[in-house]
Amino acid sequence: PAGGGDGEDADTTGGGVHHPPVTMEASANTFDAPMKPGTGKSANKAVRAAAASASQSKDAADQVMITDALTDVRQKFHINPKEIGHGHYGVVRKCMHRETKEWYAIKSIRKSKVGKIDVLKREIAILQEVQHPNIIRLIEVHEDTKCLHLITELCTGGELFDRIIAKTQSEEG
């Protein structure tokens, strides 16, 4: 399949013409050829510098520390690959504690997507303090180089929004 990343050559033309995939080395070498007479390699250097700067700023966002230590959440929890929810910042999956075999939810948030780290830190601190039967319980927080992983109690029973809509449309609501 095209874009499958399995190393096989993909036919994306639909006409049966076989085109080998372009490797990173091959595409990178094309920057060394002048694009227009008179522009030479200096224009290509500007393109490379802009790409490197964008990559560095994304890497810098990933390097931000939210907790005080990087940990591997997979050492303590088995994470089910199937998503049970997703949003702008990340995905939610089920995970099982390797020792107790208890199921939890894990919300993995891409650090590069978070604009206000201080707000996220404050929300985590509040969730760690709150103990109420109607508020989801935060069990643990893990952080790696790319993501922040929030382990919470697993809430079953479907989407709250769907239940609210059903309730307001019924004779009871």
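Above this text is the structure in question.
The text that follows walks through the structure, step by step, so that each part is easy to find. Keep in mind the model is a prediction, meaning the values are calculated, not measured.

The sheet contact formed by strand S4 (residues 138–143) and strand S5 (residues 147–153) spans five bridges and is antiparallel. Among the inter-strand pairings, valine 141 is bridged to a residue of S5, identified as leucine 150. As consecutive antiparallel partners, S4 and S5 are separated by three residues.

The antiparallel open sheet is built from five strands, whose spatial order is S1-S2-S3-S5-S4. If you trace the sheet from one side to the other, it starts and ends with strand S1 (77–86) and S4, each paired once. Taken over all neighbouring pairs, the strand axes of this sheet differ in orientation by 25 degrees on average, direction set aside. Summarising the sheet, strand S3 (residues 103–110) and S5 pair through seven bridges and their orientation is antiparallel.

Look at lysine 101: it is not a glycine, yet its phi comes out positive at around 65 degrees. Secondary-structure assignment places lysine 101 in the loop between strand S2 (90–97) and S3.

The next point concerns the layout of surface pockets. Of the voids in this model, the largest pocket is the one considered here, and its volume is about 1000 Å³. Around the largest pocket sit 30 residues that line it, and Val92, Lys107, Ile136, Thr152 and Cys155 are the ones nearest its centre. Elements that contribute at least two residues to the lining of the largest pocket include exactly S1, S2, S3, helix H4 (117–129), S5 and helix H5 (160–169). Broken down by element, the residue count for the lining of the largest pocket peaks at five residues, all from H4. The residue inventory of the lining of the largest pocket, partitioned by class, reads 17 nonpolar, six polar and seven charged.

It is worth spelling out the pattern of salt bridges at this point. Here the structure, examined in full by the defined rule, presents two salt bridges. Glutamate 143 serves as the salt-bridge partner of lysine 111, at 2.8 Å between the closest nitrogen and oxygen. Residue lysine 111 is located in the loop between S3 and H4, and its partner glutamate 143 is located in strand S4; the two are separated by 32 residues in the primary sequence.

In this structure, Ile66, Ile109, Val114, Ile117, Leu120, Ile124, Leu138, Leu148 and Leu150 together form the largest nonpolar core, which totals nine residues. The dominant element in this core, judged by the number of residues it contributes, is H4, at three residues. In contact with isoleucine 109, not counting residues within four places along its chain, are Tyr89, Gly90, Val114, Leu120, Lys146, Cys147, Leu148 and Leu150. Counting seven residues, the second largest nonpolar core, distinct from the first, contains Val73, Ile79, Cys95 and Ile106.

Cut-off values and rules
Residues numbered from 1 in each chain as written. Predicted model: local features only at pLDDT ≥ 70, side-chain atom pairs only at ≥ 80, totals over all residues. Heavy atoms only, no water. Pairing = 2+ DSSP bridges. Helix = DSSP H or I, 4+ residues; strand = E, 2+ residues; numbered from the N terminus. Axes fitted to C-alpha atoms, helices over the stretch in contact; angles between N-to-C directions. 1 Å grid on protein atoms, 1.4 Å probe; cavity = no way out; pocket = protein on both sides within 12 Å on 5 of 7 lines; lining within 4 Å. Points joined across faces, edges and corners; volume = space filled by probe spheres on them. Nonpolar A, V, L, I, M, F, W, Y, C, P; charged D, E, K, R; others polar. Salt bridge = Lys/Arg side-chain N within 4 Å of Asp/Glu carboxyl O. Core = buried A, V, L, I, M, F, W, Y, C linked by side-chain atoms within 4.5 Å. Buried < 20%, exposed > 50% of the residue type's maximum accessible area, 1.4 Å probe, protein only. Contact = heavy atoms within 4.5 Å.

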